[in-house]
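Listed below, chain by chain, are the residues.
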Amino acid sequence: IYRVSLFGILPVGDAILKVGEMQDYNGQQVYHLSATANSLRWSAKMFNAYATLDSYIDINTYDPILFRQKAVITNEKVINKEIYYDQKNGIMTLNNIRRQIPPHTQDPLSAIFALRRVDFDKIKDIEMSINTNQENYILKGTAEQKKLSINKKIYKIILAEAQIKRRDKNPYHRSNITMILLQKEENIPILIKVFASGILINAKLIDIK
């Protein structure tokens, strides 16, 4: 469970991220990832929004084959997406429009799933393709191992910093992302900072169930 804040100080919502559950999808075994986000009660009077995300990932390649998104803003604007990824042929389909994609293109949930599985003892550079809106983006950055002492106990953490930009090198569609991950059997994101369009958004881990 993550607390989402604007500008790093103003809490506006909570997001719940569920780990992948193995399911059957059209006769194929997949990991089903899901996330929900809702406005906090106090902020709903000014800005009421909620969203649900679902990603279905091939258990062998860890690439997404289907991504669904529904977002409702102030009970008026509704955003629905259903994206199919043909990773073998390098094609994604959104609203019956087909686009070419690079190999191993990710959606937001599958990208987090991929980072959770990275062996940062061996890998220091991060690079992946992302597309949920017809344009191909690249996430590229570096990861640094650090140690954190809390109550005399030492924790291994990863500081990952990356930039997301369009592959066509459009200078106006860029964002910066910083993540702190707790390094265990799988890497657990404990803080995510995204700076895009002049706005800083934080997601801080507040509970695990």
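Just so we're clear, the structure is a prediction, and the values are computed from it rather than from any experiment.

About the cut-offs
Residues numbered from 1 in each chain as written. Predicted model: local features only at pLDDT ≥ 70, side-chain atom pairs only at ≥ 80, totals over all residues. Heavy atoms only, no water. Helix = DSSP H or I, 4+ residues; strand = E, 2+ residues; numbered from the N terminus. Buried < 20%, exposed > 50% of the residue type's maximum accessible area, 1.4 Å probe, protein only. Contact = heavy atoms within 4.5 Å. pLDDT = per-residue confidence, 0-100. Pairing = 2+ DSSP bridges. Salt bridge = Lys/Arg side-chain N within 4 Å of Asp/Glu carboxyl O. Polar contact = N/O pair within 3.5 Å; in protein donor to acceptor, adjacent residues only side chain to side chain.

A. Layout of the environment of tyrosine 155. By secondary structure assignment, the location of tyrosine 155 is in strand S11 (residues 153–166). For tyrosine 155, a relative accessible area of 27% gives the class partly exposed. Put simply, tyrosine 155 and valine 78 are 77 residues apart on the chain and 42 Å apart in space, counted from C-alpha to C-alpha. Once you skip the residues sitting within four places of it in the chain, tyrosine 155 turns out to touch Lys146, Lys147, Leu148, Ile150 and Leu182.

B. Focus on the confidence of the model for the chain. Taken residue by residue, the chain gives an average pLDDT of 90. The fraction at 70 or more is 97%. The weakest mean pLDDT in the chain belongs to strand S2 (residues 10–25) at 88; the strongest belongs to strand S9 (residues 125–130) at 96.

C. Geometry of the pairing of strand S13 (residues 188–196). Here strand S12 (residues 174–182) pairs with S13 via eight bridges, running antiparallel. Bridge assignment links leucine 181 to a residue of S13, and that residue is proline 189. The antiparallel hairpin formed by S12 and S13 contains five residues in its connecting segment. Between the end of S13 and the start of strand S14 (residues 199–205), which pair antiparallel, lie two residues, with serine 197 showing a positive phi angle near 55°.

D. Representation of the pairing of S11 in the model. As paired elements, strand S10 (residues 137–150) and S11 share 14 bridges and run antiparallel to each other. Paired with alanine 143 across the two strands is alanine 160, which belongs to S11. Between S10 and S11, which pair antiparallel in sequence order, lie two residues; one of them, asparagine 151, sits at a positive phi of approximately 50°. In this sheet, S12 lies alongside S11 in antiparallel orientation, the contact comprising nine bridges.

E. Fine view of unusual backbone geometry. With a phi angle near 65°, asparagine 96 is a residue other than glycine that sits in the positive phi range. Its identity as a non-glycine residue notwithstanding, lysine 169 has a phi of 65°, on the positive side.

F. Main features of the pattern of salt bridges. Inspection of the entire model under this criterion finds seven salt bridges. Ionic pairing is found between arginine 117 and glutamate 186, a salt bridge with its closest N-O pair at 3.7 Å. Residue arginine 117 is found in the loop between helix H1 (108–116) and S9, and its partner glutamate 186 is found in the loop between S12 and S13; the two are separated by 69 residues along the sequence. The partly exposed category is assigned to arginine 117, whose relative accessible area is 38%. Here glutamate 144 makes a salt bridge to lysine 146, at a shortest N to O gap of 3.4 Å. In this structure lysine 146 comes out as partly exposed when scored by relative accessible area, which is 36%. Members of the salt-bridge network, linked through shared partners, are Arg116, Arg117 and Glu186.

G. Layout of the environment of glutamine 183. As for its position among the elements, glutamine 183 is in the loop between S12 and S13. Residues glutamine 183 and isoleucine 138 lie 45 residues apart in sequence; the distance between their C-alpha atoms is 24 Å. Filtering out sequence-adjacent residues up to four positions away, glutamine 183 remains in contact with Phe120, Asp121, Gln145, Lys156, Ile157 and Ile158. Looking at glutamine 183, its side chain comes within polar contact range of the side chain of glutamine 145, at 3.3 Å.

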